[in-house]
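# Coordinate analysis (summary)
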Amino acid sequence: MEKPLKSWENLPLPQEELEKRKEKLQKVFEEMLTILGFDWKRDPNMVETPKRMAKMVLELTEGNFSPMPSITTFDITQMGEEGNIPVFVGPIEIKSLCSHHFLPIVGRVYFEYLPTSKVLGLSKIPRIIKWLARRPMIQELFTKQIVKTFKKLLPDLKGVAVYVKAKHMCMTVRGVNESQAYMITEAFDGIYGEREDLRANFLRKIKE
Ligand SMILES: [Zn+2]
């Protein structure tokens with residue numbers, strides 16, 4: 001057995017290990033339906049449910065067990081343009097799970113960074129953010145994790161701004177039953193923490 005992970009951590013696993021986990025999870029969900037008192041083996045709508053649930057749980061936690069999407073960076077110093085143009089991307093759709101209830105979180109991320117010597121391939125930004133989302137999360141931490149990840153990928157960037165707006169099903173379908181409420185979190189790092197004009201410029205681009 002591998003070392004247990006924190007919900008936000010990543011440890012890529014081979015397909016073979018994931019298949020083993022799927023089988024074990026299937027058994028657990030079979031037991032769960034049995035405990036709940038369902039005759040799932042003879043219910044045509046439920047007979048395959050444990051298998052589907054096992055597959056679903058692995059899909060929703062993919063970001064924990066798959067490697068980070070590969071990135072491409074481009075040197076911009078040749079053009080004499082370094083560090084002047086903020087790169088904004090959004091909305092980026094995210095689907096996640098809350099680590100408290102294991103219920104879905106569905107939302108959007110808006111991201112911007114101010115590069116220095118290198119820029120990232122554009123499609124890599126949504127790919128990395130979606131990969132970070134595919135694990136049980138609390139939104140506050142996820143927002144910070146986006147900042148941390150991009151600072152690591154581009155160590156000389158001048159700053160990162162992140163805005164996350166999401167609906168948490170644990171609040172929508174149970175408990176307080178609030179279906180219209182969103183959770184919004186922001187993070188401003190580096191030059192975005194220092195400059196109000198850059199923050200305002202970033203937030204103006206967000207159409208919600
Ligand atoms: Zn929750």
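No experiment lies behind these values; they were computed from the predicted model shown.

In a packed pair of helices, the relevant descriptors are the angle between the two axes and the axis-to-axis distance. Running from N to C, helix α1 (residues 15-35) and helix α2 (residues 49-60) cross one another at 130°; their axes reach a closest spacing of 8 Å. As the angle between them shows, α1 and α2 are arranged oblique. Crossing geometry of α1 relative to α2 is assigned as right-handed. Between α1 and α2, the contacting residues are Leu 18, Arg 21, Lys 22, Leu 25, Gln 26, Phe 29, Glu 30 and Leu 33 on the first element and Thr 49, Pro 50, Lys 51, Met 53, Ala 54, Lys 55, Val 57 and Leu 58 on the second. The residue inventory of the contact of α1 with α2, partitioned by class, reads nine nonpolar, two polar and five charged.

Let us now look at the sheet that holds strand β3 (residues 104-114). Note: strands within a sheet are paired through backbone hydrogen bonds, in either parallel or antiparallel orientation. The sheet built from five strands is open, its strands ordered β5-β2-β3-β6-β7 with mixed pairing. Bordering the open sheet on either side are β5 (136-137) and β7 (183-190), each of which pairs with just one other strand. Of the pairings in the sheet, the one linking β3 to strand β6 (residues 159-168) comprises 10 bridges and is antiparallel in character. By the bridge assignment for β6, Arg 108 is matched with Lys 165. Packed on one face of the sheet, helix α5 (residues 139-153) meets β3, β5, β6 and β7 and runs near 150° to β6.

We now examine the pairing of β6. Moving residue by residue along a regular strand, the side chains alternate between the two faces of the sheet. Taken across its 10 residues, β6 has eight buried, putting it largely inside the fold. Bridging between β6 and β7 involves eight bridges; their strand directions are antiparallel. Bridge pairing in β7 links Ala 166 to Met 183.

With an omega of 0°, the peptide bond running from Gly 90 to Pro 91 counts as cis. With respect to the element layout, Pro 91 can be found in strand β2 (residues 87-98). At Phe 102, a position not held by glycine, the phi torsion is positive, near 60°. Within the element layout of this structure, Phe 102 appears in the loop between β2 and β3. When the 13 C-beta atoms within 10 Å are taken as the criterion, Phe 102 is described as partly exposed. In this model, Asn 177 sits at a positive phi of 55°, which is unusual for a non-glycine residue. By the element assignment, Asn 177 lies in the loop between α6 (169-172) and β7.

Time to look at the domain arrangement of the protein. Looking at the protein, the domain boundaries give domain 1 (15-60) and domain 2 (73-204). Taking the mean C-alpha position of each, domain 1 and domain 2 sit 33 Å from one another.

Basis of the calculations
Residues numbered from 1 in each chain as written. Predicted model: local features only at pLDDT ≥ 70, side-chain atom pairs only at ≥ 80, totals over all residues. Axes fitted to C-alpha atoms, helices over the stretch in contact; angles between N-to-C directions. Helix = DSSP H or I, 4+ residues; strand = E, 2+ residues; numbered from the N terminus. Parallel < 35°, antiparallel > 145°, perpendicular 65-115°, else oblique. Left-handed = near helix turned anticlockwise from the far one by under 90°. Contact = placed C-beta atoms within 7 Å. Nonpolar A, V, L, I, M, F, W, Y, C, P; charged D, E, K, R; others polar. Pairing = 2+ DSSP bridges. Buried ≥ 20, exposed ≤ 12 C-beta atoms within 10 Å, placed from the backbone. Domains from an automatic or database assignment.

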